[in-house]
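Each chain, written out:
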Amino acid sequence: MNNYCQQCKQNVTWMPLTEANAEDSSIAAGHYYLDFAEGTAAWKAKEITGKVCIDLNGYTIKTTKGRIYYTKGDTQLTITDCTGNGVITGADNSALMTENKVESKPVINVFAGIFTGNTTPALGGAILCQGSATLNVYGGTFENNTSVGRLKLDENGEPLLDE
């Protein structure tokens, strides 16, 4: 169990995310742990609102389209895995992504989890932080994630995608 899990498990109430939440389009502020009947659940992209912590709890989240979590505005997403071997996979537009607005300041924290098999046609792969976003990686494994785009900037310093 990583240090984040040890501190958090004692001080907050954790709520389950099950297969029934797979089609939800957002997750409200709170601490959640995955609790699937099977080891893997298909997952629809979820917008994060407020401060959200997700414990993969040894389970696998897989999406076949889009991203898994999207932060918008001044939000904070923390990913951890208190059990071990939790996986985020299958995203085709970066698994974790922030909106591209300078005025918003989203934060993504990664303490644990395996990020594998995520792709994007542009920038990112496993994680894409844009605008004024902050990414803190304290642990986790990143393997076999791909991005086919290359970063080019226009005359204003804004990213352009190679053609």
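Everything numeric here is computed off the predicted structure, so don't read it as measured data. (Residues numbered from 1 in each chain as written. Predicted model: local features only at pLDDT ≥ 70, side-chain atom pairs only at ≥ 80, totals over all residues. Heavy atoms only, no water.)

On to the sheet that holds strand β7 (residues 60-62), then. Reading across from one edge, β4-β7-β10-β13-β17 is the order of the five strands in this open sheet, with parallel pairing throughout. What marks the edges here is a single partner per strand, and that holds for β4 (40-42) and β17 (141-143). Recorded for the sheet is a direction-independent mean angle of 15 degrees between the axes of neighbouring strands. By the bridge criterion, three bridges tie strand β13 (residues 114-116) to β17 in an arrangement that is parallel. Each bridged residue has a counterpart across the sheet, and for Phe-115 the counterpart in β17 is Phe-142. (Pairing = 2+ DSSP bridges. Helix = DSSP H or I, 4+ residues; strand = E, 2+ residues; numbered from the N terminus. Axes fitted to C-alpha atoms, helices over the stretch in contact; angles between N-to-C directions.)

Our next topic: unusual backbone geometry. Phi is positive for Asn-57, close to 55 degrees, though the residue is something other than glycine. With respect to the helices and strands, the residue Asn-57 is situated in the loop between β6 (51-55) and β7. Owing to a relative accessible area of 21%, Asn-57 belongs among the partly exposed residues under this scheme. You will see that Asn-85, though not glycine, has its phi angle at about 70 degrees, which is positive. Looking at where Asn-85 falls in the secondary structure, it is placed in the loop between β9 (76-80) and β10 (87-89). (Buried < 20%, exposed > 50% of the residue type's maximum accessible area, 1.4 Å probe, protein only.)

Right, let's talk about the environment of Asp-92 for a bit. Positionally, Asp-92 belongs in the loop between β10 and β11 (96-98). Taking the relative accessible area as the measure of exposure, Asp-92 reaches 32% and is therefore partly exposed. A sequence separation of 26 residues divides Asp-92 from Asn-118, and the C-alpha atoms of the two residues are 6.0 Å apart.

Remark on secondary structure: sheet strands pair via backbone hydrogen bonds, oriented parallel or antiparallel. In space, the six strands of this open sheet follow the order β1-β3-β6-β9-β12-β16, with parallel pairing throughout. Both outer strands of the open sheet, β1 (14-17) and β16 (134-137), are each paired with one neighbouring strand and no more. Strand-to-strand, the axes of this sheet are offset by a mean angle of 20 degrees, without reference to chain direction. As paired strands, β6 and β9 are joined by five bridges and run parallel to one another.

Turning our attention to the side chain of Thr-116. The topology assignment puts Thr-116 in strand β13. Here Thr-116 falls in the buried class, since its relative accessible area comes to 17%. A distance of 3.0 Å separates the side chain of Thr-116 from the backbone oxygen of Glu-143, its partner in a polar contact. Look past the residues within four positions of Thr-116 in its chain and what remains in contact with it is Val-87, Ile-88, Thr-89, Gly-90, Glu-143, Asn-144 and Asn-145. (Polar contact = N/O pair within 3.5 Å; in protein donor to acceptor, adjacent residues only side chain to side chain. Contact = heavy atoms within 4.5 Å.)

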